[in-house]
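Observations on the model geometry
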Amino acid sequence: MEKKIDIISVGEVLIDFIGHEMNTSISHTKDYHRFLGGSPTNVSVNASRLGMNVVLVATCGSDGLGQYIVEKLRLKKVITSQIRNSLTLPTSVIFVSRSIETPDFVAYRQADVEILEEQLPDELLMQSKIFHTTCFALSKDPARTTILNKAHKAKSLGLLLSIDINYSEKIWPNRTEAHQVLKDYLSTNPLVKVSEDDCFRLFGEIKTESFIFEYLHALGASTICLTKGKEGVKLSDVNEGVFSQEAIMLKEIKDVTGAGDAFWTGFLYAKLQNKNIEECLTIAQKLANIKLQNIGQLPDNVDINKELE
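Computed from a prediction, not measured in an experiment: that's the story for all the values here. (Residues numbered from 1 in each chain as written. Predicted model: local features only at pLDDT ≥ 70, side-chain atom pairs only at ≥ 80, totals over all residues. Heavy atoms only, no water.)

Notes on helix H6 (residues 175–186)
Under the 1.5 Å per step criterion, the end-to-end length of H6 is 16 Å for 12 residues, consistent within 8% with the ideal 16 Å. Regarding H6, the residues found buried are Ala178, His179, Val181, Leu182, Tyr185 and Leu186. All buried residues of H6 lie within an arc of 165° about the axis, which places them on one face of the element. Across from the buried face of H6, at angles greater than 90 degrees, the exposed residues are Thr176, Gln180 and Lys183. The residue sitting at the N-terminus of H6 and contributing the capping side-chain oxygen is asparagine 174; that oxygen lies 3.3 Å from the backbone nitrogen of threonine 176. (Helix = DSSP H or I, 4+ residues; strand = E, 2+ residues; numbered from the N terminus. Expected span 1.5 Å × (residues − 1). Buried < 20%, exposed > 50% of the residue type's maximum accessible area, 1.4 Å probe, protein only. Arc of directions from axis to C-beta. Polar contact = N/O pair within 3.5 Å; in protein donor to acceptor, adjacent residues only side chain to side chain.)

Overview of the environment of serine 168
Within the element layout of this structure, serine 168 appears in the loop between strand S9 (160–164) and H6. Here serine 168 falls in the buried class, since its relative accessible area comes to 8%. Along the chain, serine 168 and aspartate 198 lie 30 residues apart, while their C-alpha atoms are 6.9 Å from each other. Apart from the residues lying within four places of it in its own chain, the contact partners of serine 168 are Phe105 and Arg201. (Contact = heavy atoms within 4.5 Å.)

Structural notes on the sheet that holds strand S6 (residues 93–98)
Taken in spatial order, the four strands of this open sheet run S3-S2-S6-S7, and their pairing is mixed. Whereas interior strands pair on both sides, the edge strands pair on one side only; in this sheet they are strand S3 (32–37) and strand S7 (105–108). Neighbour-to-neighbour, the strand axes of this sheet turn through a mean angle of 20°, independent of strand direction. When strand S2 (residues 14–22) meets S6, the two strands line up parallel, connected through five bridges. Residue pairing for S6: isoleucine 15 is matched across the bridge by valine 93. Packing of helix H2 (residues 64–75) onto the sheet brings it into contact with S2, S3 and S6, and relative to S3 it is tilted by some 60°. (Pairing = 2+ DSSP bridges. Axes fitted to C-alpha atoms, helices over the stretch in contact; angles between N-to-C directions.)

Overview of the packing of helix H5 (residues 143–156) against H6
Between H5 and H6, the least distance of the axes is 10 Å, while the angle of their chain directions is 25°. Between H5 and H6, the interaxial angle falls into the category roughly parallel. On H6, the residues touching Arg144, Ile147, Leu148, Ala151 and His152 of H5 are Glu177, Val181, Asp184 and Tyr185. Of the residues belonging to the contact of H5 with H6, the class tally is five nonpolar, one polar and three charged. (Parallel < 35°, antiparallel > 145°, perpendicular 65-115°, else oblique. Nonpolar A, V, L, I, M, F, W, Y, C, P; charged D, E, K, R; others polar.)

As for the packing of aromatic side chains
Throughout the structure, instances matching the rule amount to eight aromatic pairs. Relative to tyrosine 215, the ring of phenylalanine 203 lies with its centre 5.1 Å away and its plane at 85°, an arrangement referred to as edge-to-face. Within this pair, whereas phenylalanine 203 is found in helix H7 (residues 196–203), its partner tyrosine 215 is found in helix H8 (residues 209–218), the two being separated by 12 residues in sequence. Its relative accessible area of 14% is what places phenylalanine 203 among the buried residues. We classify tyrosine 215 as partly exposed; its relative accessible area is 24%. Clustering of aromatic rings is evident, with ring pairs tying together Phe17, Tyr32, Phe95 and Tyr108. Looking at lysine 170, its charged tip hangs above the ring of phenylalanine 105, at a distance of 4.5 Å from the centre. One residue, lysine 207, lies across the ring of phenylalanine 211, its end atom 4.4 Å from the ring centre. (Phe/Tyr/Trp six-rings, centres within 6.5 Å; stacked < 30°, edge-to-face > 60°. Lys NZ or Arg CZ within 6 Å of the ring centre and 35° of its normal.)

If you want it as C-alpha cells, here you go:
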C-alpha cells in the first residue's frame, strides 16, 4: 500500500492559555492569550506547515473550545478525521506562564485522555510512515492502552516510531509506573526526544548524559536526542555514535512554549528526507529558533521551508 501519510501524531490536543506578561509566575499573571496546544498537536501543525501529510489522533470536548481546535487544525491543513469529540468530558486546558526558561503550568485534563482504538484503524497505520506520541499522552488510560497497543501494531507494519518523553510529575505522579510504560513503548525502538528538564523530572534527580543514554538504549531505543536549551543538543545513536551541536544564539527569545515540539518536527522532517544525523539536528535547531522568536505557533508570514534550506 502507498504510504500517503507522513506522520500519525497521537496524543493530547488542548488549549494553552499562555500568560501575557513575560517571566511572571502563574500566581501573578493577569492576562492569558488562547492558543492551540498539546505537544502532538504542535508537531502536527508544524509538520503540515512543512508540506507534510499529518493525521492528528486526539480527543477534545463537544464544546466551543473543541470547535475552535478543529477549525484551527483545518486551517493549518492537518487531517482531522481521527479527532473524536467526547460527549461527556470538556476540552482539556492548560494555563502556562510566559518565560524564556522552562515555563510553569497548571493542567485541567479532561477529554484528551479519551483516545480509543477505533481512532487508529489498521488501514491508517498501513498508509503511514511515522507513529509519534508523548509521555503526556501515555500518562492516563484509555489513551495509554490504545497508544501502546497501536504502537506495537505500527511496529509490526514497518512504521518508524517516535516519542517525546515530556515527563512531568504534575501530569504523572507515579514515576515507577511511568518507567514501566516507557519500557513498553521503547521496546518498539522509537526515535526518542527528551530534554534535560524531562530527565530531571523522570529520574527525580540530576543524571549524567551517559547514564541517560545508557538507560534509554537499554530499554530499546537506538537513537536518543537530548535537548539542553542554551547548551544545544546531544544525540546518541547505537550505530553512529554521539553527536553534539551548540545552540544558535538569538538576540531575543519571545516564547519557549512549543520550542521542543518545533525542534522534533524538524528532526522527523529531515529523517523522512533521509538526511544524515548532523543535517537532522541542524534542521531541527533552525525550526526551534523560528519558534523561539514567535509567540504561539510558527509564524504564517515566513517561508519555513526556505528558512530551513
